[in-house]
Amino acid sequence: MAASMSIRAACRLNTIFRHRIHSQLGCQKIRTLLSSAYSCDELWAKRSENPILSAINANEFIVKLHEKYEKEKLISAIDIDILANNIENVDFTEIDFTENLFKRFRSCQGALDVLDSTPYALVRGYINMKQTDRFLDMLQDKFGYGIFLDHYSGSLLMDYFIKQENYYDAAQVAYEFMLQEDYTNQTVKLLSLYSSYKHLINPLPEVVDEESGENTEQKSDETIYMRVPYVRNPSFDDHFDLVEDRHVLGKTLHSIGNHGNDDIIHRSCRLIGLGLWEKISDGFKILREYISSNMKHCITQDALDRFKTALDEIEAQPVDPELTSNRGIQVKLTPEEKTKYQEEFEEIRQSLQKANLLSTENLDELIETLVKSELPKLKAHDITAQEQLFARWEITRQEKLNEQLENYRYNQRKKELIKQMLEIKEKEELLNYYERIHDIQLAASKAPKIEVEEKHDEIEEDVKKYLKIPRKRKVYEMPRSIFEVVHGKQEEY
């Protein structure tokens, strides 16, 4: 967590530095990909006119939700959706308290019925508050918050970071769609491609993790033992278990390349992705396929160079028998394997150059041209889809609120009926006392005997009151009410 916070701090400083350079050079125009109409700001603002949202005082509402959770351990999906839509109205000093409510909601049963409008509202709210770094921390903590982006909130978030030239955070959003393997929306796919490649060619400086002590000059050889509750079996799925940014970036580029057209852009991204992902043998396989098919301009020259750079940057590790025999561990290349791959790469490079299969076009310019030419064609469809979603979410919100109110009224009526039934039973006991006096006396004679000691003053007073016997004597337990006699229930005094 500390490392991710440091990286985001570096991103913000990098963004400020770039904006200062632009202002000094007279470049006031900020790079943008999505048009202002894409976000449907006017229609989104009208939702606040709905009485369900406008009647809420956000600061008082979070207190009531907290009290409800402390009392019932329950927060409903409609309540958390209303809070998400009013997140901008919460006092910033209470933002930590509010985010804790979202975390507690994750452990409630209502989290199973979370509304689709909740993540979208959170994205819009945090963008307007300019607190997207906080939202990214929540987004990446799936176990704590369980937030998943839809196509349109993800597009808005990536476009926001791209405008800020914060390509690192834009790529983090692209990683989310890679992990969900969701590239059904063309806008998401294009923005993910743009964000990921921009992050690749605009790397951030390395940030030292002060807590872990990484990248320090002096490393102790002493073995440190730590007490842990239990030891997990090794597990590595090569997907959700990817930790290093270069591996996740590589798999993202590879996934985008697989979900795109068979053109020079997507083939180049696929190759670069395999290099960063350290799937060198798979990269050689597709390169040999291009050579055998004699495909002209199969990939760009800079894509091949970046694949070579990724190969050179792999940290080779010596063979460890314990690791190689365990399938749950990510096995790195050995120094011998790395050297062999480097020699093999030179042979493949010469074959590609001899057959004139490489293109000298700039991949960055190709991607930018593709994205800027295709996004305007998708704008109308996405805007219409968002308008339909807003209308549907408003209807769903009203239905869920009515359902919650109906459940509340039902529970209140149920409590009142139970109270009335208990009162009726008490009156029935009093009215039927003389009719069932023989049953009461018979039950009293069968009651177990108990010893009443002198030190139990409170119990003794209770016995004297109901049995009217002298102190310091053995007494018999009497049932407290007729209802207990009839139903065979007895209590000890």
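Shown above is the structure to which this text applies.
For every chain, the first residue of the written sequence is number 1, and numbering continues from 1 along that sequence. Only residues with pLDDT of at least 70 get local features here, since the model is predicted, and only at 80 or more are side-chain atom pairs given and counted; chain-wide, interface and lining totals rely on the full set of residues. With hydrogens and water stripped out, all remaining heavy atoms of the structure feed into the side-chain values.

Caption draft 1: Structural view of the environment of Lys251. What counts as a helix is a DSSP run of H or I of at least four residues, what counts as a strand is a run of E of at least two, and both are numbered from the N terminus. With respect to the element layout, Lys251 can be found in helix H12 (residues 245-258). We call a residue buried when its accessible area falls under 20% of the maximum for its residue type, exposed when it is over 50%, and partly exposed in between, using a 1.4 Å probe and counting protein chains only. Accessibility expressed as a relative area gives 12% for Lys251, which makes it buried. When sequence neighbours within four positions are dropped, the list of residues in contact with Lys251 reads Met178, Asp238, His239, Leu242, Gly273 and Trp277. At 2.8 Å, the side chain of Lys251 forms a polar contact with the side chain of His239. By definition, residues are in contact when any of their heavy atoms lie within 4.5 Å. Distance and chemistry together define a polar contact, namely a pair of N or O atoms within 3.5 Å, with one atom able to donate a hydrogen and the other to accept it when in protein, and with adjacent residues in sequence counting only for side-chain atoms on both sides.

Caption draft 2: Highlighting the packing of aromatic side chains. Ring pairs shown here join Phe, Tyr and Trp side chains whose ring centres sit within 6.5 Å, with only the six-membered ring taken for Trp; geometry is labelled stacked below 30 degrees between planes, edge-to-face above 60, and tilted in between. One pass over the full model with this rule turns up 10 aromatic pairs. An angle of 65 degrees between the planes, with centres 5.7 Å apart, marks the rings of Tyr160 and Phe161 as edge-to-face. When its relative accessible area of 15% is taken as the criterion, Tyr160 is described as buried. For Phe161, a relative accessible area of 1% puts it in the buried group. The structure contains a cluster of three or more aromatic residues connected by ring pairs, namely Trp44, Tyr120, Phe390 and Trp393. When the ring centre of Phe148 is taken as origin, the NZ or CZ atom of Lys142, which lies over that ring, is 5.2 Å away. Sitting over a ring, as applied to charges here, requires NZ of Lys or CZ of Arg to be within 6 Å of the ring centre and within 35 degrees of the ring normal. Cation over ring: Lys279 sits above Trp277, and NZ or CZ is 5.1 Å from the ring centre.

Caption draft 3: Expanded view of the environment of Tyr69. With respect to the helices, strands and loops of the structure, Tyr69 is situated in helix H4 (residues 58-72). Residues within four places of Tyr69 in sequence aside, it is in contact with Leu74, Ile75, Arg104, Ser107 and Cys108.

Caption draft 4: A look at the nonpolar core. We call a set of buried residues a nonpolar core when its members are Ala, Val, Leu, Ile, Met, Phe, Trp, Tyr or Cys and they connect through side-chain atoms within 4.5 Å of each other. Ranked by size, the top nonpolar core spans 110 residues in total, and within it Leu83, Phe102, Phe135, Leu157, Ile265, Leu287 and Ile367 carry the most contacts. Take this core: its biggest share by element is 12 residues, from helix H18 (residues 363-431). Residues in contact with Phe102, not counting those within four places in the same chain, are Ile80, Leu83, Ala84, Ile87, Leu122, Met138 and Tyr145.

Caption draft 5: Focus on the packing of helix H14 (residues 280-293) against helix H15 (residues 301-312). Closest axis-to-axis distance for the H14/H15 pair is 11 Å, and the angle between their directions is 155 degrees. Judged by the angle between their axes, H14 and H15 are roughly antiparallel. Relative to H15, H14 is oriented so that their crossing is left-handed. Contacts between H14 and H15 pair Ile280, Gly283, Phe284 and Leu287 from the former with Leu304, Phe307 and Leu311 from the latter. Any residue outside Ala, Val, Leu, Ile, Met, Phe, Trp, Tyr, Cys, Pro, Asp, Glu, Lys and Arg is labelled polar, Gly included; the first ten of those are nonpolar and the last four are charged. Per-class residue counts for the contact of H14 with H15 are six nonpolar, one polar and no charged. Axis lines are fitted through C-alpha atoms, for helices just across the contact stretch, and the angle between N-to-C directions can take any value from 0 to 180 degrees. What sets the label is the angle itself: under 35 degrees gives roughly parallel, over 145 gives roughly antiparallel, 65 to 115 gives roughly perpendicular, and the rest give oblique. Take the far helix as the reference: if the near one is turned anticlockwise from it by less than a right angle, the crossing is left-handed, and if turned clockwise, right-handed.

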